[in-house]
Amino acid sequence: MLTTAIFPGRYVQGEGALAVLGEELARLGARGFAVLDPFAADTLKPEIEAGLAGKVVLASERFGGECSDEEIARLAETAKGSGAEVIAGIGGGKALDTAKAVAHSLGKPVAIVPTIASTDAPTSALSVIYTPDGAFKRYLILPHNPALVLVDTGVIARAPVRFLVAGMGDALSTWFEAEDCRIKRGANMTGRLGPMTAYALARLCYDTLLQFGVLAKAACAQQVVTPALEHIVEANTLLSGLGFESGGLAAAHAIHNGLTVLHETHAYWHGEKVAIGTLALLMLADRPPALIEEVFGFCESVGLPTTLAAIGLGGADDAALMRVAERACAEGETIWNEPHLVNPRRVVAALRAVDAEGARRAKALKLAA
Ligand SMILES: [Zn+2]
């Protein structure tokens with residue numbers, strides 16, 4: 001029986017980490033090309049320039065906004081013309097995914113510099129490709145993880161707090177999904193079993209959220225970096241990234257994917273919908289009531305959604321939830337990594353149970369206040 005784990009080549013994190021960007025990039029090549037999202041292009045250029053410290057010549061181009069085949073081809077052409085030996089992505093999820101795809105198409109290493117901690121995508125060997133007008137097109141599975149992931153927590157702390165909270169929602173699913181994969185002997189993102197290392201990291205991810213989530217949110221709201229914020233950025237980015245990729249996904253992400261079929265959920269972020277998917281996993285998988293209570297309490301403490309209304313589905317009828325459930329139970333979906341009886345009817349039941357419990361608790365909290 002083979003187990004397989006995959007990792008980024010190097011992970012650098014801390015306040016002011018951009019100051020060593022040049023030193024870190026120089027390990028990968030003397031000439032680089034950076035895809036900058038509009039936030040990075042408008043506000044981070046002086047810090048990036050200072051961090052290069054003359055060690056690397058870095059050309060750059062502003063990201064057009066969509067991780068599409070067309071945008072990847074455009075940026076790859078420009079990068080090629082610049083003679084780049086390494087590609088960098090600096091910004092949010094789509095700019096980073098685009099940089100990964102550009103690097104792949106040119107056969108060059110990629111350095112990822114996230115400016116928000118809203119998902120666990122930065123460390124992964126995966127890009128999500130969309131059409132130019134923003135519809136999901138396909139997953140691009142890459143042969144390598146990023147050679148470098150560099151996270152400046154001073155930059156993360158300046159981003160709106162909702163990004164950090166959404167990242168905690170994504171990270172919240174990690175241990176439960178990895179654990180179900182472990183029990184079922186379900187495949188991770190490599191198609192093989194995960195090693196015990198991945199399951200242990202997934203558990204550390206969950207413990208870190210419970211311990212430091214509230215404190216990290218408070219720090220981010222004040223735009224300051226504290227040890228708690230550092231721990232949560234590491235959980236959202238590195239632990240969750242390693243946990244999902246090498247541990248595996250199960251019901252939470254499948255239910256997230258189901259929720260995206262209802263356009264009412266489109267204003268809500270990946271991690272916010274994953275939080276609802278996680279609560280539904282707990283119901284579906286018959287987790288102990290004390291654990292379910294703990295996870296609801298965590299969501300309430302950091303402001304993650306616990307009811308369908310909180311992700312735009314206050315008026316969703318059974319037919320709408322059945323569409324969600326059928327998508328979640330599509331062939332090949334990760335929900336089949338659940339070591340429990342799964343079918344669309346049970347997924348609808350789990351979503352209804354989450355909604356009722358979330359609403360009951362919200363009412364009780366209000367009465368107590
Ligand atoms: Zn996710």
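A. Structural context of the sheet that holds strand 4 (residues 86–91). Spatially, six strands are ordered 1-8-5-4-2-3 in an open sheet, and the strand pairing comes out parallel. The sheet terminates laterally at strand 1 (11–14) and strand 3 (57–62), the two strands that pair on one side only. On average, adjacent strands in this sheet sit at an angle of 15° to one another, irrespective of strand direction. As judged from the five bridges shared by strand 2 (residues 31–36) and strand 4, these two strands associate in the parallel manner. Across the sheet, Phe 33 pairs through a bridge with Ile 87, a residue of strand 4.

B. A look at the coordination of the zinc ion. Within the first shell, the zinc ion binds the protein through Asp 170 (OD), His 253 (NE2) and His 270 (NE2), at distances of 2.1 Å. Of note, the zinc ion draws all its donor residues from one chain, in the sequence arrangement D-x82-H-x16-H. Here His 270 lies in helix 11 (residues 270–284) and Asp 170 lies in helix 7 (residues 161–184), a separation of 100 residues in the sequence.

C. Representation of the environment of Leu 172. Within the secondary structure, Leu 172 is located in helix 7. Judged by relative accessible area, Leu 172 falls into the buried class, the value being 0%. Residues Leu 172 and Ala 290, spaced 118 residues apart in sequence, show a C-alpha to C-alpha distance of 16 Å. In this view, Leu 172 contacts Tyr 206, Leu 209, Thr 278, Val 295, Phe 298 and Cys 299; residues no more than four positions away in its chain are not counted.

D. Main features of helix 11. In a regular helix each residue adds 1.5 Å, so 15 residues correspond to 21 Å; helix 11 covers 20 Å between its end C-alpha atoms and thus fits that length. Judged by how many residues are buried, helix 11 sits mostly within the fold: 13 of 15 residues are covered.

E. Spatial organisation of the pattern of salt bridges. In total, this model carries 19 salt bridges according to the counting rule given. Arg 10 is the partner of Glu 24 in a salt bridge, and the nearest nitrogen-oxygen pair spans 2.7 Å. Placement of Glu 24 in helix 1 (residues 21–26) and of Arg 10 in the segment before strand 1 is noted, with a sequence separation of 14 residues between them. Between Arg 203 and Asp 207 there is a salt bridge; the shortest N-O distance is 2.9 Å. Taken together, the positions of Arg 203 and Asp 207, both in helix 8 (residues 196–221) and four residues apart, correspond to about one turn of that helix.

F. How the structure looks around the side chain of Asn 257. Mapping Asn 257 onto the fold places it in helix 10 (residues 251–259). Side chain to side chain, Asn 257 and Glu 333 meet in a polar contact 2.9 Å long.

G. Focus on unusual backbone geometry. The backbone phi angle of Ala 53 is positive, close to 50°, even though this residue is not glycine. Structurally, Ala 53 can be placed in the loop between helix 3 (45–52) and strand 3.

H. View of the nonpolar core. Ranked by internal contacts, the top residues of the largest apolar core, which has 87 residues, are Ile 87, Leu 164, Phe 176, Ile 255, Ile 335 and Leu 351. Setting aside chain neighbours within four positions, we find Leu 351 in contact with Ile 255, Ile 276, Ala 280, Leu 308, Leu 321 and Val 324. Leu 44, Leu 58, Leu 148 and Leu 150 belong to the second largest nonpolar core, which has 22 residues in total.

What counts, and where the lines are drawn
Residues numbered from 1 in each chain as written. Predicted model: local features only at pLDDT ≥ 70, side-chain atom pairs only at ≥ 80, totals over all residues. Heavy atoms only, no water. Pairing = 2+ DSSP bridges. Helix = DSSP H or I, 4+ residues; strand = E, 2+ residues; numbered from the N terminus. Axes fitted to C-alpha atoms, helices over the stretch in contact; angles between N-to-C directions. Donors = N, O, S within 2.8 Å, 3.2 Å for Na, K, Ca; no water. Buried < 20%, exposed > 50% of the residue type's maximum accessible area, 1.4 Å probe, protein only. Contact = heavy atoms within 4.5 Å. Expected span 1.5 Å × (residues − 1). Salt bridge = Lys/Arg side-chain N within 4 Å of Asp/Glu carboxyl O. Polar contact = N/O pair within 3.5 Å; in protein donor to acceptor, adjacent residues only side chain to side chain. Core = buried A, V, L, I, M, F, W, Y, C linked by side-chain atoms within 4.5 Å.

Keep in mind that these numbers describe shape and distance, not what the molecule does.
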